[in-house]
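# Tertiary structure, described
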Amino acid sequence: MARQLKSPLGRARGMGSAHEGSHHWWQHKMTTVANIPLVTWAVISIALLAGQPYEVVRAWMTSPLTAVLLMLTIFNLFVHAKIDMQLVIEDYIANKAIRLGAMLFLQASLVLACAISLFSVFKIALG
Amino acid sequence: MLGHSKLKGKNSQGEKMSDSAAPAARPRPTSPHLTIYRLPLTGPMLSIVHRATEVAMAFGLFILTWWCFAILSGPDAYAVFLDCARSILGRIVMIGLSWSVIYHTLYDIRQLFFDMGKGFEKHTIAQTGIMVVLASIIVTALVWVLACTSVAPQIGGVHG
């Protein structure tokens with residue numbers, strides 16, 4: 001077994017960055033930009049649908065353009081929320097075990113909810 | 001542990017000694033924590049509210065999921081959703097959620113300018129902060145006016 005005399009910091013030093021650190025930040029910014037038109041559209045649409053009967057709401061969702069935009073909005077919001085919630089957990093939960101547990105629970109529930117939402121819109125759109 | 005408890009003992013002794021020495025005990029200096037330090041309204045306060053809206057929106061995504069799934073499930077499931085959404089608690093949640101979404105989006109736009117290195121002047125931060133808060137309230141009100149007025153023609157249409 002080769003003995004490592006260098007500390008982990010010593011080994012990492014001088015190797016430069018992993019070039020992956022900015023990935024979440026960039027993804028967060030991209031979803032922010034995409035959210036501006038998508039959320040504007042979704043908020044106005046849902047406000048207009050608020051008082052409408054079931055058939056009108058369902059018919060609205062079957063339109064191809066609506067379905068695609070709605071699925072994009074849902075996916076974008078979930079990706080954005082995933083990063084936001086990850087930051088919240090990292091910032092406020094110091095205990096490593098609880099942090100990992102909370103992270104897994106939150107990410108799993110967000111992925112599940114995202115899948116249910118997308119599947120629902122997809123199935124409605126296909127009729 | 002031993003050192004810590006020793007220190008504690010010394011401290012309590014020290015306090016007792018100072019109490020007997022000075023009858024009017026002077027409060028110890030305190031670092032400016034949340035209840036003492038008045039947070040600038042347009043800086044950290046907005047940031048804290050933004051974080052709260054993040055959590056509210058993540059919660060709201062589950063309501064969105066319920067909405068989509070209810071529409072898929074059929075008129076009865078959608079009626080259950082509407083009953084919940086139109087209850088008093090449901091209305092509070094919906095108004096809060098719509099404001100959260102609007103505030104969050106507007107704050108994120110302001111944040112995009114910060115990312116580009118713009119708007120960091122003290123008065124600009126205050127101005128844009130107030131703009132975000134006011135705009136979020138106005139837009140939320142407009143959205144609800146839209147939501148409430150969108151009902152009227154439909155009811156007329158159903159009757160007519």
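Residues numbered from 1 in each chain as written. Chains lettered and ligands numbered in written order. Predicted model: local features only at pLDDT ≥ 70, side-chain atom pairs only at ≥ 80, totals over all residues. Heavy atoms only, no water.

## Structural notes on the overall build of chain A
The following threshold applies: Here a helix means four or more residues in a row that DSSP labels H or I, a strand means two or more in a row labelled E, and each is numbered from the N terminus. Exposure classes here rest on a 1.4 Å probe applied to the protein chains alone. A residue is buried below 20% of its type maximum, exposed above 50%, and partly exposed in between. For this analysis, residues touch if any pair of their heavy atoms sits within 4.5 Å. Each accessible area is a Shrake-Rupley result for a 1.4 Å probe, and residues are judged covered by the shown protein chains and nothing else.
For chain A, the count of helices and strands is five helices and zero strands. Reading the helices (α) and strands (β) of chain A from amino to carboxyl end gives α-α-α-α-α. Taking all 127 residues of chain A together, the buried fraction comes to 35%. For chain A, the proportion of contacts with a sequence separation of at least 24, taken over those separated by at least 6, is 72%. Accessible surface, chain A as shown: approximately 7900 Å² in total, 72% of it carbon and sulfur.

## Side note on the interface of chain B and chain A
Spelled out, the test is: By convention, the term buried area covers the 1.4 Å-probe accessible surface removed from two parts as they join, with the contributions of both added. Salt bridges are identified by distance alone: a Lys or Arg side-chain nitrogen within 4 Å of an Asp or Glu carboxyl oxygen. The term polar contact refers here to a pair of N or O atoms within 3.5 Å; inside protein, the definition further demands a hydrogen-donor-capable atom paired with an acceptor-capable atom, and it admits residues adjacent in sequence only when both atoms are side-chain atoms. Under the scheme applied, nonpolar residues are Ala, Val, Leu, Ile, Met, Phe, Trp, Tyr, Cys and Pro; charged residues are Asp, Glu, Lys and Arg; polar residues are all the others, including Gly.
Each partner contributes residues to the interface: chain B has 33 residues there, and chain A has 42 residues. The junction of chain B with chain A conceals about 3300 Å² of combined surface from both sides, 75% of it contributed by carbon and sulfur atoms. In this assembly, chain B and chain A are joined by two salt bridges. In this structure, the salt-bridge partner of A:K29 is B:D115, at a minimum N-O distance of 2.8 Å. Joining chain B to chain A, the criterion identifies 12 residue pairs in polar contact (both at pLDDT 80 or more). Looking at the side of chain B that touches chain A element by element, the count peaks at 15 residues for helix α2 (residues 41-73) of chain B. Counted by class, the side of chain B that touches chain A contains 21 nonpolar, seven polar and five charged residues.

## Focus: the packing of helix α3 (residues 54-62) of chain A against helix α4 (residues 64-92) of chain A
Residues and elements named next belong to chain A. This is how it is decided: In this description, a line fitted to the C-alpha atoms serves as the axis of each element, helices being fitted only across the stretch in contact, and the angle between N-to-C directions of two axes falls anywhere from 0 to 180 degrees. Just so you know how the angles are binned, under 35 degrees is roughly parallel, over 145 roughly antiparallel, 65 to 115 roughly perpendicular, and the rest oblique.
Viewed as axis vectors pointing N to C, α3 and α4 meet at an angle of 85°, and their least axial separation amounts to 5 Å. As judged from the angle between their axes, α3 and α4 are roughly perpendicular. Along the contact surface, α3 presents W60, M61 and T62, while α4 presents P64, T66, A67 and L70. Within the contact of α3 with α4, the residues separate by chemical class into five nonpolar, two polar and no charged.

## Details of the nonpolar core
This is how the line gets drawn: Residues belong to a common nonpolar core when they are buried Ala, Val, Leu, Ile, Met, Phe, Trp, Tyr or Cys residues joined through side-chain atoms within 4.5 Å.
Counting 36 residues, the largest nonpolar core has A:M61, A:I74, B:W67, B:I71, B:Y78 and B:F81 as the members making the most contacts within it. The set of elements that each furnish at least two residues to this core consists of α2 (23-49), α3, α4 and α5 (96-126) of chain A together with α2, α3 (75-86) and α4 (88-115) of chain B. Considering every element that reaches this core, the biggest residue donor is α2(B), with 10 residues. When residues no more than four places from it in sequence are discounted, the contact partners of B:I71 are A:Y54, A:V57, A:R58, A:M61, A:I124 and B:Y78.

## Here we look at the confidence of the model for chain B
Residue and element names in this part refer to chain B. This is how it is decided: Each residue carries a pLDDT value, the predictor's own confidence for that position, ranging from 0 to 100.
Per-residue pLDDT for chain B averages 81, and the proportion of residues at 70 or more is 79%. Note that residues 1-20 has pLDDT below 50 and, in this model, one contact with residues that lie over four places away or in other chains. For residues 154-160, every residue scores under 50 in pLDDT, and the model assigns this stretch three contacts once sequence neighbours within four places are set aside.

## A word on the side chain of A:T32
Of note, A:T32 is situated in helix α2. What makes A:T32 buried here is its relative accessible area of 3%. The contact partners of A:T32, leaving out residues within four places of it in the chain, are A:H80, B:D108 and B:L112.

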